[in-house]
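Residue strings, one per chain:
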Amino acid sequence: MNLYLRYFDREALVNTVDEAIDFLRGIDEIAMNPVLEEDIRDYAASDVFYPKRYKIRPRVYFIIIKTDAPTMVDFKEKRAVRATNMEKERTSSPIIMKLNEERAGWYEGTIDFKRVQLVPGTGKFQYRDTHFVAVVKAMSGLDCYNRIVEHLRQRVDDRSQFPSSKGKNFKFRYMGMAK
């Protein structure tokens, strides 16, 4: 695991934490102290892969990024993209693929949304969690979602809030073709 460090136009790709600390000590504006050194060592040893930034003074930072890139050119051209990003794309794709898969027929769609309703007596409005289930003839899961939301928009207050079709508050089930 290599570390990429950058402070304004000064940058380095180093192999060890000691090299990173030596690079930072060479910059006059950065006051290296035991606490900062220990924090950099902890970051390098951790399983965390997001970039870390350290404040030097107001609105002035230096950053450290963990990378598998062996050279600065590889890092700049993003040749060492972590495999975990590809795994995340693979796991999220089936939901979207299933949602967009075209299969004409009947779908049972379930949506949980925030409905605006008038509170009797006070004359004020409030959001209420509402569960709605409908059987819809559609071309895909996304078409089912769009038809349900279109139906509800005509019948509830305009301020009601509908969830994303990709979220956990919308579910659908293909029921088959009509005979």
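Residues numbered from 1 in each chain as written. Predicted model: local features only at pLDDT ≥ 70, side-chain atom pairs only at ≥ 80, totals over all residues. Heavy atoms only, no water.

A short note on a nonpolar patch on the surface
Taken together, the side chains of W106, V135 and M175 present a nonpolar region at the surface, about 270 Å² in accessible area. Counting through the fold element by element, W106 comes out in strand β5 (residues 105-118). (Patch = residues over 30% accessible without salt bridge, like charges linked within 9 Å, V, L, I, M, F, W, Y side chains within 5 Å. Areas by Shrake-Rupley, 256 points an atom, 1.4 Å probe, with all protein chains shown as cover. Salt bridge = Lys/Arg side-chain N within 4 Å of Asp/Glu carboxyl O. Helix = DSSP H or I, 4+ residues; strand = E, 2+ residues; numbered from the N terminus.)

A closer look at unusual backbone geometry
Comment: phi is negative for the bulk of residues other than glycine, and the bulk of peptide bonds are trans. Phi is positive for F8, close to 50 degrees, though the residue is something other than glycine. Take F8: it is sitting in the loop between β1 (2-7) and β2 (10-14). The backbone of R59 sits at a positive phi, close to 60 degrees, despite the residue not being glycine.

A few points about the pattern of salt bridges
Tallied over the full model, the rule gives 11 salt bridges. Two residues, D39 and K52, come together in a salt bridge whose shortest N-O distance is 3.4 Å. With D39 in helix α2 (residues 34-45) and K52 in strand β3 (residues 52-57), the pair connects residues that are 13 residues apart, well separated along the chain. A residue is classified by how much of its surface remains accessible, and D39, at 27% relative accessible area, is partly exposed. (Buried < 20%, exposed > 50% of the residue type's maximum accessible area, 1.4 Å probe, protein only.)

Examining the sheet that holds β1
With antiparallel pairing, the four strands of this open sheet are ordered in space as β2-β1-β4-β3. Of all strands in the sheet, those with a lone pairing partner are β2 and β3, marking the two edges. Pairs of neighbouring strands in the sheet enclose a mean axial angle of 15 degrees, with direction left out of account. Sheet analysis places β1 next to β2, joined by five bridges and oriented antiparallel. Along β2, the bridge assignment pairs Y7 with R10. Across the sheet, α2 touches β1, β3 and β4 (60-67), and the angle it forms with β4 is around 30 degrees. (Pairing = 2+ DSSP bridges. Axes fitted to C-alpha atoms, helices over the stretch in contact; angles between N-to-C directions. Contact = heavy atoms within 4.5 Å.)

Digging into the side chain of N2
Take N2: it is sitting in strand β1. Those residues in contact with N2 that lie beyond four places of it in its chain are L13, V14, N15, I65, K66, T67, A69 and P70.

So, the sheet that holds strand β7 (residues 170-176)
What holds strands together in a sheet is hydrogen bonding between their backbones, with the strands either parallel or antiparallel. Taken together, three strands build an open sheet; the order of strands is β6-β5-β7 and the sheet is antiparallel. Among the strands making up the open sheet, the edge pair consists of β6 (125-138) and β7. Between one strand and the next, the sheet's axes are offset by a mean angle of 20 degrees, whatever the strand orientation. Of the strand pairs in this sheet, β5 and β7 are connected by six bridges, and their pairing is antiparallel. Residue I111 lies in a different strand from β7, and its bridge partner there is F170. Contacting β5, β6 and β7, helix α5 (residues 141-153) crosses the sheet at an angle of about 130 degrees to β6.

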